[in-house]
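A structural walkthrough
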Amino acid sequence: MRHALCRAAKADPGRRFRALRDKVFRRDVLWRAWVAVRRNYGAPGVDKTILAQVEEYGVARLLDELAAELRNGGCQPLPARRVFIPSRPSATAVGRATCARDAPHGVKDT
């Protein structure tokens, strides 16, 4: 889906994508986002929930609840936690650790 949207945007730079909200809570989109979070070994956010706790709770259950919240418009992301990532022996980069609940629906680490 991302590639199709990218191609459409490049083909028509003036095009606006107003109907993306319905795609955010699709099961395949949320699952793909979860796979990306899991692959990146996401750090716990302000809620201190680690990925193992999410898996114990049930990834499918969490994604279903998240999709329902997104569909109803009641999902409010929690603030991101600031983390320091070692990039070189003498330097660190600053990033954000979102909550496990918020990460699958598009809050990116920077």
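Residues numbered from 1 in each chain as written. Predicted model: local features only at pLDDT ≥ 70, side-chain atom pairs only at ≥ 80, totals over all residues. Heavy atoms only, no water.

Per the stated rule, a full pass over the model turns up four salt bridges. In this structure, Asp28 and Arg26 form a salt bridge, with 2.7 Å as the shortest nitrogen-oxygen distance. Residue classification places Asp28 among the partly exposed positions, given a relative accessible area of 44%. Residue classification places Arg26 among the partly exposed residues on the basis of a relative accessible area of 34%. For the salt bridge of Asp64 with Arg27, the shortest nitrogen-to-oxygen distance reads 2.6 Å. With a gap of 37 residues between them, Asp64 in helix 5 (residues 59-72) and Arg27 in helix 3 (residues 27-39) connect regions that are remote in the sequence. On the basis of relative accessibility, which here comes to 44%, the residue Asp64 falls in the partly exposed class. Owing to a relative accessible area of 39%, Arg27 belongs among the partly exposed residues under this scheme. (Salt bridge = Lys/Arg side-chain N within 4 Å of Asp/Glu carboxyl O. Buried < 20%, exposed > 50% of the residue type's maximum accessible area, 1.4 Å probe, protein only. Helix = DSSP H or I, 4+ residues; strand = E, 2+ residues; numbered from the N terminus.)

Turning our attention to helix 3. In this model helix 3 runs 18 Å from its N-terminal to its C-terminal C-alpha over 13 residues, within 8% of the 18 Å that 1.5 Å per residue would give. Every buried residue of helix 3 is accounted for by Leu30, Ala33, Trp34 and Val37. Down the axis of helix 3, the smallest arc covering the buried residues is 105°, so these residues share one side. Exposed positions of helix 3 whose direction lies more than 90 degrees from the buried face are Arg32 and Arg39. Along its buried surface, helix 3 packs onto helix 2 (21-24), helix 4 (51-57) and helix 5. (Expected span 1.5 Å × (residues − 1). Arc of directions from axis to C-beta. Contact = heavy atoms within 4.5 Å.)

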